[in-house]
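Examination of the molecular architecture
Spelled out, the chains give:
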Amino acid sequence: NAGVTQTPKFQVLKTGQSMTLQCAQDMNHEYMSWYRQDPGMGLRLIHYSVGAGITDQGEVPNGYNVSRSTTEDFPLRLLSAAPSQTSVYFCASSFSLGTNLEQFFGPGTRLTVL
Amino acid sequence: GQQVMQIPQYQHVQEGEDFTTYCNSSTTLSNIQWYKQRPGGHPVFLIQLVKSGEVKKQKRLTFQFGEAKKNSSLHITATQTTDVGTYFCAGGSGGGADGLTFGKGTHLIIQP
């Protein structure tokens, strides 16, 4: 199993540009999440999905869209990038059984918005 | 909403010294998870505690969950250079990933 994969690893955008961060998992996990990590802020939840076709907002959803058309994929879209979105983005997945299960994180995407 | 505070933010130790990080929640938790993130890497799951007063050990690491299920600690005995990284606690309120709140992490710096 590849686990959770993310592309690209690095990205530089100009203010106002749009892009999609890709996330895929091959563990048949129902739960998938997007976090952003900023210095001194820990991990903050952007959006999450409890299964294909179902998404919801986390703590910091503004400026980001998500969709979940398949169990495997959970892309994160930046519609109009802003310097405040400069961050490291992690995708994570977990099983659906039980309570707050172990999350498997991808390697991250380091995004800089100029 | 639920808040999870973690202290200290940074900890410098000499190799061989012990290290402890503390996590406190504003609300009663259903469980708590601990993750380790190496510099430049991604968070990796270490353990989950569910029961009040629970203590679990993994080699030199000891994890505790408070009796009131509002606090937790991670203690590392005789630190090694491989322990370098950031340790995060994540408090669970039940349900799925939406109910998990991460602390800001403790950066462990080890001086040889």
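Use the structure listed above.
So, here is what we can say about the structure in this document. (Residues numbered from 1 in each chain as written. Chains lettered and ligands numbered in written order. Predicted model: local features only at pLDDT ≥ 70, side-chain atom pairs only at ≥ 80, totals over all residues. Heavy atoms only, no water.)

By size, the foremost hydrophobic cluster in this structure holds 20 residues, and its most contacted members are L21, W34, I46, L76, L78, Y89 and L111 of chain A. In terms of residue count, the dominant contributor to this core is strand 3 (residues 19–25) of chain A (three residues). Membership of the second largest hydrophobic core comes to 19 residues, among which are C23, I47, I76 and I110 of chain B. (Core = buried A, V, L, I, M, F, W, Y, C linked by side-chain atoms within 4.5 Å. Buried < 20%, exposed > 50% of the residue type's maximum accessible area, 1.4 Å probe, protein only. Helix = DSSP H or I, 4+ residues; strand = E, 2+ residues; numbered from the N terminus.)

This brings us to the interface of chain A and chain B. By a widespread convention, an interface's size corresponds to the accessible area lost as its parts come together. The interface of chain A with chain B comprises 21 residues on the first partner and 25 residues on the second. Interface of chain A and chain B: buried area, both sides summed, is about 1800 Å²; carbon and sulfur atoms make up 54% of it. Seen at the junction of chain A and chain B, the total is zero salt bridges. Elements supplying a minimum of two residues to the side of chain A that touches chain B: strand 4 (31–38) and strand 5 (42–51) of chain A. Here the side of chain A that touches chain B is composed, by residue class, of 10 nonpolar, nine polar and two charged. (Contact = heavy atoms within 4.5 Å. Buried area = accessible area lost by both parts, 1.4 Å probe. Salt bridge = Lys/Arg side-chain N within 4 Å of Asp/Glu carboxyl O. Nonpolar A, V, L, I, M, F, W, Y, C, P; charged D, E, K, R; others polar.)

We now examine unusual backbone geometry. Following T7 of chain A, the chain continues to P8 of chain A via a peptide bond in cis, the omega torsion being -5°. Relative to the helices and strands, P8 of chain A resides in the loop between strand 1 (4–7) and strand 2 (10–13). Residue P8 of chain B follows I7 of chain B across a cis peptide bond; omega there is -5°. Along the chain, P8 of chain B falls in the loop between strand 1 (4–7) and strand 2 (10–14). The backbone of N28 of chain A shows a phi angle near 60°, a positive value even though the residue is not glycine.

What follows covers the pairing of strand 4 (residues 31–37) of chain B. Residues and elements named next belong to chain B. Among the seven residues in strand 4, seven count as buried, and that is most of the element. A two-sided burial pattern is seen for strand 4, the buried positions comprising N31, Q33, Y35 and Q37 on one face and I32, W34 and K36 on the other. Note: strand 4 against strand 9 (residues 85–92), seven bridges, orientation antiparallel. Residue N31 lies in a different strand from strand 9, and its bridge partner there is G92. One ladder, built from five bridges, connects strand 4 with strand 5 (residues 44–49); its direction is antiparallel. Within strand 5, the residue paired with I32 across the bridge is L49. The loop that links strand 4 with its antiparallel partner strand 5 comprises six residues; one of these, G40, has a positive phi angle of about 80°. (Pairing = 2+ DSSP bridges.)

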